[in-house]
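# Working through the structure, step by step
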Amino acid sequence: MVCIAAFIILIIVGIFVAFISIFKPKVGKRYLKILKKSWGCVGKRVTLQKCETGFGDEVKNSILSRVLIKKPKLVKPLSVAIEALSILLVIITIWSLVEGVKAGLALWSLGTCNVQRPEACSLGAEVCSIDGDSGPKNPIEAIGYWFSDWGEIFSAMPDKFRSFNVDDFDFKGIVIGSEGDIKAVDIFDPGCVVCLQSFRNQLNAGYFETDEKVLLVPFPIQDAEGKFKYSNSKLIVGYLFGAEKNDNHENNQVSFEIIKRIYTEKDSQHRSYQDLFNDYYSNEEVEQALQEWLKEFGFSDEQIEATKQYARSSEYDELVAHNNDIVVNQLHAKGIPTMLYDGKKHTGRWEE
């Protein structure tokens, strides 16, 4: 193991030697000679052959020779320590390579290098992540989570080679537009900041000004334990679907106006409604605000009451579970906003 550990260290040191050899070619030549000798020993070890070069012993003896003269009693325990550290270094290196491969495959297949906590991956698209549960509580659970991550990665790989047609998924959503078939599915959470940015980009680009149909899917993000990411999102989404069911206007105008107000407008104190709903308003205050908006948008007291009852109904709970199953288990989405259009799945902020 000493020769393998030494080879790993030489590879790391090689980065600096390459720079130094520009000014001192002799250093580079000496380094390559040692590296070649090290690789010869490693090649033998990997193929389960005896290391004829004795490179590992040379490395260990060069370290121990300095101790032998001054403190000969420390030679044996130090020799054992060198072997142990060599084994540890090799294990860490192999583990790092495996984790690197895992992160790379996760980034390719799921759009994030961290399966359980997508927002923790700075390499993926900017999203509001759909996290796993609270995480492992002991080493046995940690092993289970590790293999579970691999399972998610492999199950999502076929998605990279398939077409995502909007008709293939039975989403429960709110249709905007009046002409033709649905051109796109737009999945968002009212509490998600990235969804807010995406929606504003769409508005600025005139995305919703055509008559082509778009299926808006308000989606309260919840983790594997069923806990909602934003405390008031489920209530808001319930009112959006309730308003859709009780709206007498064409094209679900009231639901769209509520979404637009949350994402683009501020109160009299210049506070974003999204911020208010996420961080300041209680459940009751959110409900009161939504009811006031419904009245402002032309809903009668009966329509407001019907909307309120729907947001508290078992029918709505079933709708949330239905959409969650599609997003998590069929789309394998690890974050939103997520959109389906042009036969592809797009995750992250919408850009013109």
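For the structure itself, consult the block above.
Because the structure is a prediction, the values reported are computed rather than measured.

With that settled, the discussion passes to the packing of aromatic side chains. In this structure the tally under the stated criterion is 18 aromatic pairs. Judged by centre distance (5.9 Å) and plane angle (75 degrees), the rings of Trp 146 and Trp 150 are edge-to-face. Highlighted residues: Trp 146 and Trp 150, both in helix H5 (residues 139-156), separated by four residues, approximately one helical turn. We note that Trp 146, like Trp 150, is buried. Centre to centre, the rings of Phe 199 and Phe 256 are 5.9 Å apart; their planes meet at 50 degrees, and the pair counts as tilted. With a gap of 57 residues between them, Phe 199 in helix H6 (residues 193-204) and Phe 256 in helix H8 (residues 253-264) connect regions that are remote in the sequence. Of the two residues, Phe 199 and Phe 256, both sit in the buried class. Linked through ring pairs, Phe 188, Phe 199, Tyr 207, Phe 208, Phe 256, Tyr 263 and Trp 350 together constitute an aromatic cluster. The ring of Phe 164 is capped by Arg 162, whose NZ or CZ atom sits 4.5 Å from the centre of that ring. In this arrangement the basic side chain of Lys 183 is found over the ring face of Tyr 207, its NZ or CZ atom lying 4.5 Å from the centre.

For the peptide bond that leads from Ile 336 to Pro 337, omega is 10 degrees, which places it in the cis range. Tracing the backbone through its elements, the reader meets Pro 337 in the loop between strand E5 (335-336) and strand E6 (338-341). The residue His 332 is not glycine, and still its phi comes out positive at about 55 degrees. Here His 332 shows up in the loop between helix H12 (314-330) and E5. The backbone of Asp 342 sits at a positive phi, close to 55 degrees, despite the residue not being glycine. On the secondary structure map, Asp 342 appears in the loop between E6 and strand E7 (344-347).

As a further point, take the sheet that holds strand E4 (residues 212-218). With mixed pairing, the five strands of this open sheet are ordered in space as E2-E4-E3-E6-E7. Of all the strands in the sheet, just strand E2 (174-176) and E7 have a single pairing partner and so form its edges. Put simply, the sheet's adjacent strands are angled 25 degrees from each other on average, direction ignored.

With respect to the helices and strands, Ser 109 occurs in helix H4 (residues 75-110). At 2.8 Å, the side chain of Ser 109 forms a polar contact with the backbone oxygen of Leu 105. Look past the residues within four positions of Ser 109 in its chain and what remains in contact with it is Ile 153, Ala 156, Met 157 and Lys 160.

A word on the state of the cysteines. Disulfides are covalent bonds that connect the sulfur atoms of two cysteines. Inspection of the entire model under this criterion finds two disulfides. Shown here is the disulfide that connects Cys 113 with Cys 121, its sulfur atoms set 2.1 Å apart. An S-S torsion of about 120 degrees defines the bridge between Cys 113 and Cys 121 as right-handed. Judged by relative accessible area, Cys 113 falls into the partly exposed class, the value being 26%.

What follows covers the nonpolar core. In this structure, Phe 171, Ile 187, Leu 216, Ile 258 and Phe 277 are the most contacted members of the largest nonpolar core, which totals 63 residues. Counting residues per element, this core draws most heavily on helix H7 (residues 233-246), at seven residues. The residues touching Ile 187, leaving out its near neighbours within four places in the chain, are Phe 171, Val 217, Phe 219, Val 327, Leu 331, Ile 336, Pro 337 and Thr 338. By size, the runner-up hydrophobic cluster in this structure holds eight residues, among which are Ala 106, Trp 146, Ile 153 and Met 157.

Moving on: the layout of surface pockets. The probe, sized like a water molecule, is rolled over the atoms to show the empty space still left. Taken as a whole, the largest pocket encloses approximately 410 Å³ of empty space. What lines the largest pocket is a set of 24 residues, and nearest its centre among them are Leu 110, Gly 111, Lys 160, Lys 345 and Thr 347. Only H4 and E7 provide two or more residues apiece to the lining of the largest pocket. The class makeup of the residues in the lining of the largest pocket is nine nonpolar, nine polar and six charged. Roughly 330 Å³ of volume is contained in the second largest pocket. Along its surface, the second largest pocket is lined by 19 residues, and Glu 152, Ala 224, Val 328, Asn 329 and Lys 334 are the ones closest to its centre.

The rules behind these values
Residues numbered from 1 in each chain as written. Predicted model: local features only at pLDDT ≥ 70, side-chain atom pairs only at ≥ 80, totals over all residues. Heavy atoms only, no water. Phe/Tyr/Trp six-rings, centres within 6.5 Å; stacked < 30°, edge-to-face > 60°. Helix = DSSP H or I, 4+ residues; strand = E, 2+ residues; numbered from the N terminus. Buried < 20%, exposed > 50% of the residue type's maximum accessible area, 1.4 Å probe, protein only. Lys NZ or Arg CZ within 6 Å of the ring centre and 35° of its normal. Pairing = 2+ DSSP bridges. Axes fitted to C-alpha atoms, helices over the stretch in contact; angles between N-to-C directions. Polar contact = N/O pair within 3.5 Å; in protein donor to acceptor, adjacent residues only side chain to side chain. Contact = heavy atoms within 4.5 Å. Disulfide = S-S within 2.5 Å. Core = buried A, V, L, I, M, F, W, Y, C linked by side-chain atoms within 4.5 Å. 1 Å grid on protein atoms, 1.4 Å probe; cavity = no way out; pocket = protein on both sides within 12 Å on 5 of 7 lines; lining within 4 Å. Points joined across faces, edges and corners; volume = space filled by probe spheres on them. Nonpolar A, V, L, I, M, F, W, Y, C, P; charged D, E, K, R; others polar.

Read these as spatial facts, not as claims about activity.
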